[in-house]
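A look at the structure
Take a look at the letters that make up each chain.
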Amino acid sequence: MADSTDILTVKGLKAYYRMAYFGIDREVRAVDDITLSIRRNEVYGIAGESSSGKTSLIKVLAAAIRPPLEVVDGALTYRFGDIEIDPYKASSEEVNAIRWKHLSYIMQGSMSVLNPVRRIRHSFSDFAFQPMGVDKKTFWERTRAHLERLNLSPDILRAYPHELSGGMRQRVTIALATVCQPEFIIADEPTTALDVVVQKDVLAMIRDVQRQMGSSVVFVTHDMSVHANIADRIGIVYAGRLVEEGPTRTLFTAPKHPYTAHLVGSLPRIGDTTTKAALEGRPPNLADPPSGCRFHPRCPLAIDKCKTEVPPLETVGQSHRSACWRADEVKPLAPVAGQPAQVTP
Amino acid sequence: MFAIIRDLTRYNIEFAIGCVLVGIITLFALASFFAPVGPTMIYVVPPDMPPSLSYWFGTNSRGQDLFWQLSYAFRNTLTFGVMVAAISRIISITVGLLAGYLGGWVDRVLMFFNDIFVSLPIFPILILVYFVLRSNLDMFTLALIMGCLGWPFDARLIRSVSLGLRHREFTRHATFSGMTPRKIMFEEHLPYVMPIVLATAIANMIWSIGMEVTLAVLGFTNLNIPTVGTTLYWANNHSAMIVGVWWWILIPVILIVTLFIGLFLLTVSLNEYIDPRSRLRRMGGA
Amino acid sequence: MRDYFTFVLKRLLQLAAVVFAGISAAFFITHLSPISPVDMIVNRVAAQSGGDPLAIQDLRDALAALFGTDLPLHEKFLNFWGRFLVGDLGPSLLAFPTPAIDLVMRALPWTVGLLVTSILLSWTIGNILGGLGGYYQNNRFLKAFGVLAMGVQPIPYYIVAFLLVLLFGYFWPVMPISGGFSINVRPGFTFEFIASVIHHSILPAASLVIVGLGISFLGMRAMVSNIVTEDYVTYAELAGVRTERVVFFYVIRNAMVPQLTGLAMALGGIFSGTIITEQVFAYPGLGSLLVNAVNAGDTTLVLAVSSIAVIAVAGAIFVIDLIHPLLDPRVKVK
């Protein structure tokens, strides 16, 4: 699997929430045995419904986890030039040395990631001055040039976060995360809570930054249309497991997992006036997941084997992997015909 | 409710210690019902005897057995604290639930008064009250005044919880099924704010008892009623420290500090139980 | 800048309204007192000089005119404000005929000095330690300090002050336990006098600092342990921003804003604290004066002390309000 073009390889990664309070012990398997790799210069999207563990996964990738979430098993290796580092085995100094310079992170909730009582310019100098490793004058020149390249006025450096609109703040956050030209950018729900027009700008911005700098981007969102727009490859997460992974076009046209088929089938298309069939049931409780394939209680194709045996993630095509016992039988979801028109966002 | 208390005693050491400390003081106060002497009788035992087997806490310069004297004092002090807590609870629950559930102009008017009461300097007011009433200021009047001053913070707290409850599904159900606002407030919402009421009631007792001690020590209450404060007042008045009757001061101070720490541990553990964030912290720290 | 100016002006009006309401309330409450200053003085004089009934009647009339006791309440009220605005609060009863305002002004520096020093000390140290305690939740020293602060918090001022007197004045007598300075030192701008004042202020200040320190420590720690979970702190930590920077510019800087409001709210309470502290240490400040005035039934003096206290507390809150928008850019000054 791993070759020289991979910037990140993840093997058998497990990260659990462990809680013990007032005599109740709970273990939530948010990231359960995930293996994947990210290539240089690609945009990798992680998709899944809420509480599927996708946010936990991306936090683990960004080495941004806090108790009670902890990595219990597996390996995570970044390769930046000569540096090869597993953030969970390296010292905190070593991890801090790669942050922002090589690995940067756009956190969920752009509304609140900037210090409300300091001007934007302080955030830039706090976050990026040291990693960039240049003198003050060059630093501000580069920062201004970077902002202009992203069509942001350098005047925003003087502003306070509360003086900016939500979309503006998210764009500032992206500028902040990319000012050091990192090779790897992790973005957690970069477009959530933004209106559609601003979403488009922000997505274009991420794509531009990635193309200009040749970085790799990993991002998470539940919104399949965002994936369709900017991802080169997509990984589908269900109940803490990677259930399918492949090039965007392949996943949208020929999914090999019933869950993917459903996600893709639920997207509205222009001219499509059918009602979307909702998936029955709820996402499983990760503290007590179903046996066998975790999707089986909601799966239209489920057989007895699915209830007892966990399907492995196997190659089913050109860089296309799926974890389903009946992968060959999965068909793209046909729209349910003859229903009244209803367009859901 | 009992399940909460059981959980707390089992898993929260602060709560258990608090219960024990408050329990000891309460038992001691209850002992006054079996006292062989009245609380206002003086020169019934030899004065200024240090603690011994016959006088456990010693005797004071007024010829009173400090054990029984303090037992009366704690009974009065505790009663006072409970009275203030009860009066201010009634006001804060009513104001909090009304403001939170009814909202609108009721909320605005109540919160306007709330803001005024929050900013009142209570201690100087109590001194002025004493200045006017002098020895007519008995324990019940003082409790009534303090009860009327000590509710605004807690009312705001209850209001914020009640605001959240108003938009919950079950409130809507209750409204549609024709329950009157009064019934919804007191039968549906009150149980939710009960833990807060309990925690704030104990915090309120700490505050009111502390206030009473302070006022009495300065001589600003009716000094003929034995309370912890008046005990200390008389000790000062007789220059107990200078004469060397240290037990007259040290023993009440130890007992009142025990009571305060006990009550304080109870509020801390209850607050922790109420606030999910501190529970999360506890998990994170483990 | 213009915005800030209008903001200051608005707050100034608010300050005037609060001072007026507070002092008026104090006026009406104190005038409910059944004690007549005229009778008190007349009795005092009569007891001393035996007294000729005619002379006593003259004295009574003169005093009634002086105190304005025969007027109806609303006229007394107008009279009071008329004289108040020119700094005349009437003669005190406690030290008749010294004007009440003189007694207050004599006591004021003691209280202000004691309060300002102890508030600044306890607020600064408490907030820094509390900020660190909230950020480094597993530090042993800070944890122990937290337990100590928790233990002191429920104990009333009085007891803390009293324990200090017991410890340092009685069991280990190294500190003076009463007065503002030694009797054998002459007041003046001399080293001896200042040293004596400082020596005498240590215990009273310590009692205020101990209690105030605990409160600001616990408040700040609670505030900080919420703020450390805020996204901007997590984000700065993830970006590898230096820890000292995160602690001071992200955590403590943000927690300062509500703590400042807390300080304004606590000021009234702190003033109550000095009343007790001064009483315990026989410190010659406003608190002692108030207690003596209450005991002597001196309406004028009680009112004078209350008025000055209202002005001082409202003024301090006013100053803090002015600082607020400078500390938090989100506060609208318009």
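Residues numbered from 1 in each chain as written. Chains lettered and ligands numbered in written order. Predicted model: local features only at pLDDT ≥ 70, side-chain atom pairs only at ≥ 80, totals over all residues. Heavy atoms only, no water.

Examining the sheet that holds strand S9 (residues 233–238) of chain A
Residue and element names in this part refer to chain A. Formally: DSSP-based pairing: two strands are paired if at least 2 bridges between them are found. What counts as a helix is a DSSP run of H or I of at least four residues, what counts as a strand is a run of E of at least two, and both are numbered from the N terminus. Every axis corresponds to a line fitted to the C-alpha atoms, with the helix fit spanning only the stretch in contact, and the corresponding angles, defined between N-to-C directions, vary from 0 to 180 degrees.
Spatially, the eight strands line up as an open sheet ordered S6-S7-S8-S3-S9-S10-S12-S11, and their pairing is mixed. With one partner strand each, in any of the chains shown, strand S6 (103–106) and strand S11 (314–317) form the two edges of the open sheet. Sheet twist, expressed as the mean angle between neighbouring strand axes with direction ignored, is 20°. Across six bridges, S9 lies against strand S10 (residues 241–247) in antiparallel orientation.

Focus: the interface of chain C and chain A
By a widespread convention, an interface's size corresponds to the accessible area lost as its parts come together. Here is the rule: What makes two residues a contact is simply this: any of their non-hydrogen atoms within 4.5 Å. Buried area is understood as the total, over both parts, of accessible area removed when two parts are fitted together, assessed with a 1.4 Å probe. Here a salt bridge means any side-chain nitrogen of Lys or Arg lying within 4 Å of a carboxyl oxygen belonging to Asp or Glu. What qualifies as a polar contact is a pair of N or O atoms within 3.5 Å, subject to a donor-acceptor requirement within protein and to the restriction that residues adjacent in sequence count only when both atoms come from side chains. Residues are grouped as follows: Ala, Val, Leu, Ile, Met, Phe, Trp, Tyr, Cys and Pro are nonpolar; Asp, Glu, Lys and Arg are charged; every other residue, Gly included, is polar.
At the interface, 21 residues of chain C touch 27 residues of chain A. Across the interface of chain C and chain A, roughly 2100 Å² is buried in total on both sides, 59% from carbon and sulfur atoms. Contact with chain A buries area across many residues of chain C, yet Tyr235, Leu238 and Pro329 of chain C alone supply 35% of it, more than any other trio. Summed over the shared surface of chain C and chain A, the result is two salt bridges. For Arg245 of chain C, the salt bridge identified is with Asp126 of chain A, shortest N-O distance 2.6 Å. Along the contact surface separating chain C from chain A lie ten residue pairs in polar contact (both at pLDDT 80 or more). Here the side of chain C that touches chain A takes seven residues from helix H9 (residues 231–238) of chain C, the largest share from any one element. Class assignment for the residues of the side of chain C that touches chain A results in eleven nonpolar, three polar and seven charged.

Comments concerning the packing of aromatic side chains
Put simply, the rule is: Paired rings are identified among Phe, Tyr and Trp, the last through its six-membered ring, by centres lying within 6.5 Å, and are further divided according to the angle between planes into stacked (under 30 degrees), edge-to-face (over 60) and tilted (the rest). We call a residue buried when its accessible area falls under 20% of the maximum for its residue type, exposed when it is over 50%, and partly exposed in between, using a 1.4 Å probe and counting protein chains only. By the criterion adopted, a ring carries a charge over it if an Arg CZ or a Lys NZ lies within 6 Å of its centre and within 35 degrees of its normal.
As enumerated under the stated definition, the model contains 35 aromatic pairs over all chains in all. Relative to Tyr235 of chain C, the ring of Trp100 of chain A lies with its centre 5.6 Å away and its plane at 75°, an arrangement referred to as edge-to-face. A residue pair is termed interchain when its members come from two chains, as with Trp100 of chain A in the loop between helix H2 (92–98) and S6 and Tyr235 of chain C in helix H9. With respect to burial, Trp100 of chain A and Tyr235 of chain C carry one shared label: buried. Aromatic side chains Phe129 of chain A and Phe139 of chain A sit 5.3 Å apart centroid to centroid with 85° between the ring planes, which places their arrangement in the edge-to-face category. A residue pair is termed long-range when its members are at least 10 positions apart, and Phe129 of chain A in helix H3 (residues 120–132) and Phe139 of chain A in helix H4 (residues 136–149) qualify at ten residues. For Phe139 of chain A, a relative accessible area of 1% corresponds to the buried category. Chaining the aromatic ring pairs together yields one cluster made of Phe20, Phe27, Phe28, Phe77, Phe80, Trp81 and Phe84 of chain C. Positioned over the ring face of Phe129 of chain A is Lys136 of chain A, at 4.9 Å from the centre of the ring.

Topic: the nonpolar core
Counted only if it meets this: The nonpolar core is taken to be a set of buried Ala, Val, Leu, Ile, Met, Phe, Trp, Tyr and Cys residues, with the residues joined through side-chain atoms within 4.5 Å.
In terms of nonpolar packing, the biggest core is built from 129 residues, with Leu70, Phe74 and Ile256 of chain B touching the most fellow members. Broken down by element, this core gets its largest block of residues, 14 residues, from helix H12 (residues 247–274) of chain B. Apart from residues lying up to four places away in sequence, Phe74 of chain B is in contact with Ile25, Phe28, Ala29, Val228, Pro252, Leu255, Ile256 and Leu259 of chain B. Ranked by size, the runner-up nonpolar core spans 112 residues in total, among them Tyr78, Leu150 and Ala175 of chain A together with Ala239 of chain C.

Some thoughts on the pattern of salt bridges
Residue and element names in this part refer to chain A. For the structure on display, the rule yields 23 salt bridges over all chains. For Lys89, the salt bridge goes to Asp86, with nearest N and O atoms at 3.0 Å. For Asp86, a relative accessible area of 12% corresponds to the buried category. The residue Asp304 makes a salt bridge to Lys307 at a minimum N-O spacing of 3.8 Å. Of the two residues, Asp304 and Lys307 are both situated in helix H10 (residues 304–308); the distance of three residues between them amounts to about one turn of the helix. Residue classification places Lys307 among the partly exposed residues on the basis of a relative accessible area of 41%.

Structural notes on H3 of chain A
Residues and elements named next belong to chain A. Spelled out, the test is: Each residue after the first adds 1.5 Å to the expected span of a helix. Two axes define the bend at a residue: one fitted to the seven residues ending there, one fitted to the seven starting there, and the bend is the angle between them.
With 13 residues, H3 should cover 18 Å at 1.5 Å per step; its first-to-last C-alpha distance of 17 Å lies within 8% of that length. When the local axis directions of H3 are compared, the greatest deviation, roughly 30°, occurs at Asp126. Of all the residues in H3, the buried ones are Ile120, Ser123, Phe124, Ser125, Asp126, Phe127, Ala128, Pro131 and Met132. Looking one or two residues beyond H3, the residue adopting positive phi is Gly133, at roughly 65°.

Some words on the side chain of Glu189 of chain A
Mapped onto the fold, Glu189 of chain A is located in the loop between strand S7 (184–188) and helix H6 (196–213). Those residues within four positions of Glu189 of chain A in sequence are excluded, and the remaining contacts are Lys54, Gln108, Gln170, Val220, Thr221 and His222 of chain A.

Description of the interface of chain B and chain C
Each side of the interface is counted separately: chain B has 32 residues, and chain C has 38 residues. Considering only the side of chain B, the residues that lose the most area to chain C are Leu128, Phe131 and Phe264 of chain B, jointly responsible for 21% of the buried surface there. Our count for the contact surface shared by chain B and chain C stands at zero salt bridges. Breaking the side of chain B that touches chain C down by element, the ones donating at least two residues are helix H5 (122–133), helix H9 (181–217), helix H10 (228–237), H12 and helix H13 (276–285) of chain B. Looking at which element gives the most residues to the side of chain B that touches chain C, the answer is H12 of chain B, with nine residues.

Considering the state of the cysteines
All names here are of chain A. Note the threshold: In this description, the term disulfide denotes a pair of cysteine sulfurs within 2.5 Å.
Applying the stated rule across the entire model yields zero disulfides over all chains. Cys293 forms no disulfide, and the closest cysteine sulfur to it belongs to Cys306, at a distance of 5.9 Å. Since its relative accessible area comes to 11%, Cys293 is described here as buried. Lacking any disulfide linkage, Cys299 is separated from the closest cysteine sulfur, that of Cys324, by 6.0 Å. Owing to a relative accessible area of 17%, Cys299 belongs among the buried residues under this scheme.

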